Amino acid sequence: MAGTTSVERVKDRATGLDKFVLREARGSSVEVYLYGGQVTFWKNNFGHQLLFVSNKATFKPPKAIRGGIQICFPQLGSHGVLEQHGFARNRFWSVDESPPPFPVATSNCHIDLILKTSQEDLKMWPHSYEFRLRVALSPRGDLILTSRIRNISSDGKPFQFTFAYHTYFSVSDISEVRVEGLETLDYLDNLQSKKRCTEQGDAVVFESEVDKVYLSAPPKIVIIDHEKKRTLVLRKDGLPDVVVWNPWDKKAKAMPDFGDDEYKNMLCVGAAAIEKPITLRPGEEWLGKQEISAVPSSYSSGQLDPEVIRRMHTI
């Protein structure tokens, strides 16, 4: 029996931080913190938690929350001069009470957040911006993040930025996961000083640490979790690249906010714009969207089942 759609603001008892809980009538739900504008929890209509958050994650600013979907702006990783992954994930966002109309219709179950330039930001990155983020749930439980970034500088100067939805997926066993849609693509290998390489496999599989940026990727990427018999379909718009990351055992043990063995049950795959930074002149706005759906699937002989194919073409 279907419930009701709701958006509720609550103070998390464990962390003391404000968050929004979105519930869609058919059972899916999402939790979004004002700190970092960060999604930490996404449950689909089947009741499965699809995102990974470390058991050792600290919800204490200014430390970023380890897991969920981190908003990396105006820089991803060390691809620039700012702190790791930029500053958007370390800021308190506000509710956007009157967002401009969206160019395309979105779900009624959503929350609009906004991040504006602060004096602290200007010391590190001397540009004036407005960053609007909409987090939405579709009626069938798909998670949709839409970012709109506008240059509001009065000095007439353009600015450049890189961006990523650094998305931590929960997986059963990293050695049983494969990512399809990235085969034959060039990528930057961050483990080899951003060396440009070409993917040789018919799918991306995981046997050791991975930290790559796949360039000019197709609009749909598929993550297949054999043990959970689940397929995640990631669709992107305005974001040409895809980040793939797993720290593996050695690096996991070196991170204080990450369990020693948690690398076995997570995988980061996220839409990004990195190789070619986005340039905005004053008054211009950029839009970047990531949609994720999860469907039960069976997988054999390199063929997706018909349900997965149907969902890929309809999301």
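Residues numbered from 1 in each chain as written. Predicted model: local features only at pLDDT ≥ 70, side-chain atom pairs only at ≥ 80, totals over all residues. Heavy atoms only, no water.

- Going by the annotation in an unreviewed UniProt entry, the name recorded for the chain is glucose-6-phosphate 1-epimerase, with Urochloa decumbens given as the source organism.
- Reading the Catalytic activity (unreviewed entry) entry of the UniProt record for the chain gives the comment "alpha-D-glucose 6-phosphate = beta-D-glucose 6-phosphate".
- Check the Sequence similarities (unreviewed entry) section of the UniProt entry for the chain; it says "Belongs to the glucose-6-phosphate 1-epimerase family." (UniProt positions renumbered as here; feature names shortened; annotations may be inferred.)

## Here we look at the overall build of the chain
Move 1: Along its length, the chain carries 3 helices and 22 strands.
Move 2: Computed over the C-alpha atoms, the radius of gyration of the chain is 19 Å, within 12% of the 20 Å expected from 2.2 N^0.38 for a compact globule of 315 residues.
Move 3: Expressed as lengths along the three principal axes of its C-alpha atoms, the size of the chain is roughly 55 × 50 × 40 Å.
Move 4: Sequence separation of 24 or more characterises 63% of the internal contacts of the chain that already satisfy a separation of 6 or more.
Move 5: When the accessible surface of the chain is summed, it comes to about 14,000 Å², and 49% of that surface belongs to carbon and sulfur atoms. (Helix = DSSP H or I, 4+ residues; strand = E, 2+ residues; numbered from the N terminus. Rg over C-alpha atoms; globule rule 2.2 N^0.38 Å. Contact = heavy atoms within 4.5 Å. Areas by Shrake-Rupley, 256 points an atom, 1.4 Å probe, with all protein chains shown as cover.)

## Points about the environment of Q290
Move 1: Looking at where Q290 falls in the secondary structure, it is placed in strand β20 (residues 285-296).
Move 2: Residue Q290 is classed as buried on the basis of its relative accessible area, which comes to 0%.
Move 3: Taking the C-alpha atoms as reference points, Q290 and A164, separated by 126 residues in sequence, lie 9.8 Å from one another.
Move 4: For Q290, the residues in contact, after removing those within four places along its chain, are L143, I144, L145, Y165, T167, L234, R235, G270 and A271. (Buried < 20%, exposed > 50% of the residue type's maximum accessible area, 1.4 Å probe, protein only.)

## What about the sheet that holds strand β9 (residues 143-151)?
Move 1: Read from one edge of the open sheet, 9 strands run β6-β7-β8-β9-β20-β17-β16-β11-β14, paired in antiparallel fashion. Only two strands of the sheet have a single neighbouring strand rather than two, namely β6 (94-95) and β14 (204-205). (Pairing = 2+ DSSP bridges.)

## Examining unusual backbone geometry
Move 1: Cis geometry marks the peptide bond from P61 to P62; its omega dihedral reads 10°.
Move 2: Structurally, the position occupied by P62 is in the loop between β4 (38-43) and β5 (69-72).
Move 3: Residue P74 follows F73 across a cis peptide bond; omega there is 0°.
Move 4: As for its placement among the helices and strands, P74 is situated in the loop between β5 and β6.
Move 5: Positive phi is not limited to glycine here, since T184 has a value of about 75°.
Move 6: Take T184: it is sitting in the loop between β11 (177-180) and β12 (186-189).
Move 7: You will see that S216, though not glycine, has its phi angle at about 50°, which is positive.

## Things to note about the packing of aromatic side chains
Move 1: Scanning the entire structure with this criterion turns up 22 aromatic pairs.
Move 2: Between the aromatic rings of Y187 and Y214, the centroid separation amounts to 5.2 Å while the plane-to-plane angle is 45°, which identifies the pairing as tilted. Linking Y187 in strand β12 with Y214 in strand β15 (residues 210-214), this pair joins segments that are 27 residues apart in sequence. Each member of the pair, Y187 as well as Y214, carries the same accessibility label: buried.
Move 3: Arranged with centres 5.1 Å apart and planes meeting at 50°, the rings of W248 and Y263 form a pair that is tilted. With W248 in helix α2 (residues 248-254) and Y263 in the loop between α2 and β19 (266-280), this pair connects stretches of sequence that are 15 residues apart. Of the two residues examined, W248 and Y263, each falls in the buried class.
Move 4: Put simply, the rings of F73, F87, W93, W125, Y129, F131, F159, F161, F163, Y165 and W286 pair up and form one aromatic cluster.
Move 5: Its end group placed over the ring of F102, R134 keeps NZ or CZ at 3.9 Å from the ring centre.
Move 6: Here R148 stacks its cationic end above the ring of F102, 4.0 Å away from the centre of that ring. (Phe/Tyr/Trp six-rings, centres within 6.5 Å; stacked < 30°, edge-to-face > 60°. Lys NZ or Arg CZ within 6 Å of the ring centre and 35° of its normal.)

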